Amino acid sequence: MGKKVYIETYGCQMNVADTEVIFSILAKEGYSRTSEIGEADLIMANTCSVRDNAEQRIWGRIAVFDKERESRPGVVVGILGCMAERLKDKLLDTGKIDLVAGPDAYRALPRMLRDISEGPQIEVMLSRSETYDDIIPVRTDRNGVSAFISIMRGCNNVCSYCVVPYTRGAERSRDPKTIVREACDVFSKGYREVTLLGQNVDSYLWKDPDGNDVGFAALLGAVAEISPLLRVRFSTSNPQDISEEVIRTMAAHPNICRHIHLPVQSGSDPVLERMRRRYTREGYLEKVSMIRSVLPDICLSTDVIAGFCGETEEDHRLTLSLFSEVGFDAAFMFRYSERPGTLAARKYADDVPEEVKIRRLNEIIELQNSLSLESNRRDVGKRFEVLVEGPSKRNGDEFCGRTTGNKMCVFPASSLKAGDYVDVVVRDCTSATLFCDLA
Ligand code: SAH
Ligand code: SF4
Ligand code: F3S
């Protein structure tokens, strides 16, 4: 009887893509996937360390996994991903975990599993070259329409609040040939959307042995050329690095989606400087103008951190005013969580009281909700092409899918199926959803 593996995935899209690589590596060892923890021989979590609450959730899951491990002899529990890299043998010290593997160590999993009878296994070496470029991921998406493709790993920035460079190591780019091949492969299997993933996609750079270097704009263009029916998205763009060349490449390819995720983190220069972000408020706004001058219909989303070290009320108001000025279509909003070992943890006091962080975050959320609603209201009456993802969560008679700007639409199911393109007209909206009729 083959063994069964169960994996829970936390954190960013990169972890989702990594879990697909891990399933592929384990499939070669005879492990089949299960979504039932109770029948798994191998129970793992692919973890995130970006904020303390992300790690707290994992500790809760470790307690749950431990019950399985206690009640069914032979069950192996493993921790993968960023928290494995950050906490290393501290995880093994709990006595509840048999295996710890960091983001660059997944090729070692088969060996670690074979050696597990000799005792707990740990592999947390970071690599300068690992990109898993030859591994064909086992897709875990539910709809068969949308796939993540990792184009690079690690991060060379040192944003002072961020743990990612420590958990994922130095930046390295993946061979573009393998990226285009993977995108072609998913397209031929019926997928209609790929999202190219990296912590800073604009610094993607493949050094070709023949001297023909490939940058992000060229890679993006090459993936977009696969088929006009393949939508191409990417994340994340860093404000200091996003280039006009990339924007022009988008303009030249209608199938590159009209959406850019451009994390701002703060609207105040002194805060941006302490965060070691390499742009100013003005620089950010200039990038937004440059993008909008080429792509007037672009949708913009962002990330923001409320209550970073030393943030004053004035700094906070500048963040609110920047949000209003840009009018983001969507945002991921967080309160600052100090991460041990980061520059900010070593250098600055985490001095904004928790209740102030929460209040500021709530003010940002409230403002963004009204901006999202305004943005959606402007779309009422307009026609959009939507890529059908499948039945809507709330109502089985309806389907859902996104506009090129990444807005979620709900519309009558008709005879549509996932992967179809359909034209809709927006009838009504909330801040999160466009309610549409078929055009
Ligand atoms: N590479 C991406 C994002 C990585 S982490 C980028 O540079 O934008 C995703 C988001 O988590 C960040 O954009 C930031 O807003 C948030 N984040 C990172 N570290 C954090 C911390 N210590 N506390 C709160 N939010 C944090
Ligand atoms: Fe973290 Fe900054 Fe790198 Fe993004 S660019 S992963 S925020 S260090
Ligand atoms: Fe992603 Fe979390 Fe690691 S955001 S890179 S899984 S710390």
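What counts, and at which threshold
- In this numbering scheme, every chain counts its residues from 1 along its sequence in written order.
- Chains carry letters from A onward and ligands carry numbers from 1 onward, assigned in written order.
- pLDDT decides what is reported in this predicted model: residues at 70 or higher carry local features, side-chain atom pairs at 80 or more are listed and counted, and totals for whole chains, interfaces and linings draw on all residues regardless.
- The side-chain quantities take in all heavy atoms of the structure and omit both hydrogens and water.
- The helix and strand labels rest on DSSP assignments: H or I over at least four residues marks a helix, E over at least two residues marks a strand, and numbering proceeds from the N terminus.
- The size measure is the radius of gyration over C-alpha atoms, and the globule rule it meets is 2.2 Å times the number of residues to the 0.38 power.
- Three exposure classes are used, based on accessible area relative to the maximum for each residue type with a 1.4 Å probe and protein chains only: buried under 20%, partly exposed in between, and exposed over 50%.
- Accessible surface area values rest on a Shrake-Rupley calculation with a 1.4 Å probe, where residue burial reflects the displayed protein chains alone.
- For the purpose of charge, His is not counted, nor are the chain termini; Lys and Arg are scored as positive and Asp and Glu as negative.
- Taken as the charge centre is NZ of Lys, CZ of Arg, CG of Asp or CD of Glu, depending on the residue.
- An automatic or database domain assignment provides the domain bounds reported here.
- Between two residues, a contact is recorded if the distance between any of their heavy atoms is within 4.5 Å.
- The buried area of a pairing is the accessible area, by a 1.4 Å probe, that goes missing from both parts when the two are put together, added over both.
- Basic side-chain nitrogens of Lys or Arg form a salt bridge, by our definition, when they fall within 4 Å of a carboxyl oxygen of Asp or Glu.
- The set of buried Ala, Val, Leu, Ile, Met, Phe, Trp, Tyr and Cys residues whose side-chain atoms join them within 4.5 Å is what this entry labels a nonpolar core.
- At least two bridges found by DSSP between two strands are what make those strands a pair.
- Geometry is summarised by axes, namely lines fitted to C-alpha atoms with helices restricted to the contacting stretch, and by angles between N-to-C directions that run from 0 to 180 degrees.
- Any angle between 65 and 115 degrees counts as roughly perpendicular, while under 35 counts as roughly parallel, over 145 as roughly antiparallel, and the rest as oblique.
- Throughout, a crossing is termed right-handed when the near helix is turned clockwise from the far one, and left-handed when it is turned anticlockwise from it by less than a right angle.
- Lys, Arg, Asp and Glu make up the charged group, whereas Ala, Val, Leu, Ile, Met, Phe, Trp, Tyr, Cys and Pro make up the nonpolar group; the residues left over, Gly among them, are polar.
- Candidate patch residues must exceed 30% relative accessible area and have no salt bridge, after which like charges are joined if within 9 Å and Val, Leu, Ile, Met, Phe, Trp or Tyr side chains if within 5 Å.
- Counted as a polar contact is a pair of N or O atoms within 3.5 Å, where, for protein atoms, one must be capable of donating a hydrogen and the other of accepting one, and residues adjacent in sequence contribute only when both atoms are in side chains.
- Two rings belonging to Phe, Tyr or Trp (six-membered ring only in the last case) form a pair when the distance between their centres is within 6.5 Å. Interplanar angles under 30 degrees mark stacking, angles over 60 mark edge-to-face geometry, and anything in between is tilted.
- To estimate the expected span of a helix, count its residues, drop one, and scale the result by 1.5 Å.
- The reported arc concerns the directions from the helix axis to the C-beta atoms and nothing else.

(A) Highlighting the overall build of the chain. Along the backbone of the chain there are 14 helices and 21 strands. For 439 residues, the compact-globule estimate of 2.2 N^0.38 gives 22 Å, and the chain sits close to it at 22 Å. Once the C-alpha set of the chain is aligned to its principal axes, its extents read approximately 65 × 55 × 55 Å. Here the chain, with 439 residues, has 56% of them falling under the buried criterion. Carbon and sulfur atoms make up 51% of the accessible area of the chain, which totals about 19200 Å². Here the chain contributes 58 positive and 66 negative side-chain charges, whose respective centroids are spaced 1 Å apart.

(B) Spatial organisation of the domain arrangement of the chain. What the domain assignment lists for the chain is domain 1 (3–123), domain 2 (141–257), domain 3 (259–378) and domain 4 (383–438). The C-alpha-based centres of domain 1 and domain 2 are spaced at 27 Å. Between domain 1 and domain 2, the residue contacts involve 15 residues of the former and 15 residues of the latter. Contact between domain 1 and domain 2 buries roughly 1300 Å² in total, counting both sides, with carbon and sulfur atoms accounting for 56%. Together, Gln13, Met14 and Asp104 form the three largest contributors to the area buried by domain 1 at its contact with domain 2, with a combined 42%. Inspection of the region where domain 1 meets domain 2 yields four salt bridges.

(C) Fine view of the nonpolar core. Leu196, Phe216, Phe234, Ile260 and Phe323 are the most contacted members of the largest nonpolar core, which has 55 residues in total. Excluding residues that lie within four positions of it along the chain, Phe323 makes contacts with Val264, Thr302, Val304, Phe328, Ala331, Ile364, Leu367, Gln368 and Leu371. Counting 23 residues, the second largest nonpolar core, distinct from the first, contains Leu42, Leu80, Ala105 and Ile116.

(D) Focus on the sheet that holds strand β10 (residues 193–197). If you trace the three strands from one edge of the open sheet to the other, you get β7-β10-β13, paired in parallel fashion. In this open sheet, the two edge strands, each paired with only one partner strand, are β7 (146–150) and β13 (231–235). Across the sheet, the mean angle separating the axes of adjacent strands is 25° when strand polarity is ignored. The pairing of β10 with β13 spans five bridges and is parallel. Directly across from Thr195, in β13, lies its bridge partner Arg233.

(E) Local environment of the sheet that holds strand β14 (residues 259–261). The strand order β14-β15-β16 describes an open sheet built from three strands, whose pairing is parallel. Looking along the sheet, the strands with just one partner apiece sit at the ends: β14 and β16 (330–335). On average, each strand axis in the sheet is inclined to that of its neighbour by 10°, with strand direction left out of account. Relative to strand β15 (residues 299–306), β14 runs parallel, the two sharing three bridges. Bridging across to β15, His259 finds its partner in Cys299.

(F) Here's a closer look at the packing of helix α9 (residues 244–252) against helix α11 (residues 281–294). Close contact between α9 and α11 brings their axes to 10 Å; oriented N to C, the two are set at 25°. When the axis of α9 is compared with that of α11, the two are roughly parallel. Two packed elements cross with a definite hand, and for α9 against α11 that hand is right-handed. Across the interface between the two elements, Glu244, Ile247, Arg248 and Ala251 of α9 pack against Met290, Ile291 and Val294 of α11. Its residues assigned to classes, the contact of α9 with α11 comprises five nonpolar, no polar and two charged.

(G) Highlighting a negative patch on the surface. A surface patch of negative charge is lined by Asp269, Glu273, Glu282 and Glu286. Elements with a minimum of two residues in the negative patch: α10 (269–274) and α11. Counting through the fold element by element, Glu273 comes out in helix α10.

(H) Region of the structure containing the pattern of salt bridges. As enumerated under the stated definition, the model contains 39 salt bridges in all. Between Lys177 and Asp175 there is a salt bridge whose closest N-O contact spans 3.9 Å. Classification of Lys177 as exposed rests on a relative accessible area of 54%. Residues joined by salt bridges that share partners form a network here, namely Asp18, Asp104, Arg153, Arg168 and Arg172.

(I) A look at the side chain of Glu55. Relative to the helices and strands, Glu55 resides in helix α2 (residues 52–71). There is a polar contact of 2.7 Å between the side chain of Glu55 and the side chain of Ser49.

(J) Structural context of the packing of aromatic side chains. For the coordinates displayed, the defined rule picks out eight aromatic pairs. With a centroid separation of 6.5 Å and an interplanar angle of 75°, the aromatic rings of Phe308 and Tyr348 are classed as edge-to-face. Of this pair, Phe308 sits in the loop between β15 and α12 (313–326) while Tyr348 is found in the loop between α13 (343–347) and α14 (354–379), placing the two residues 40 residues apart along the sequence. Judged by its relative accessible area of 18%, Tyr348 is buried. Where Phe323 meets Phe328, the ring centres are 4.9 Å apart and the plane angle is 70°; that geometry is what we call edge-to-face. Looking at Phe328, the relative accessible area reads 0%, which means it is buried. Here a set of aromatic residues connected by ring pairs shows up, and it is made of Tyr161, Phe308, Tyr336 and Tyr348.

(K) Structural detail: α12. When the terminal C-alpha atoms of α12 are compared, their 20 Å separation across 14 residues agrees well with the 20 Å that a helix rising 1.5 Å per residue should span. Among the residues making up α12, those that are buried are Asp315, His316, Thr319, Leu320, Leu322, Phe323 and Val326. Taken down its axis, α12 places every buried residue within 155° of arc, on the same side.

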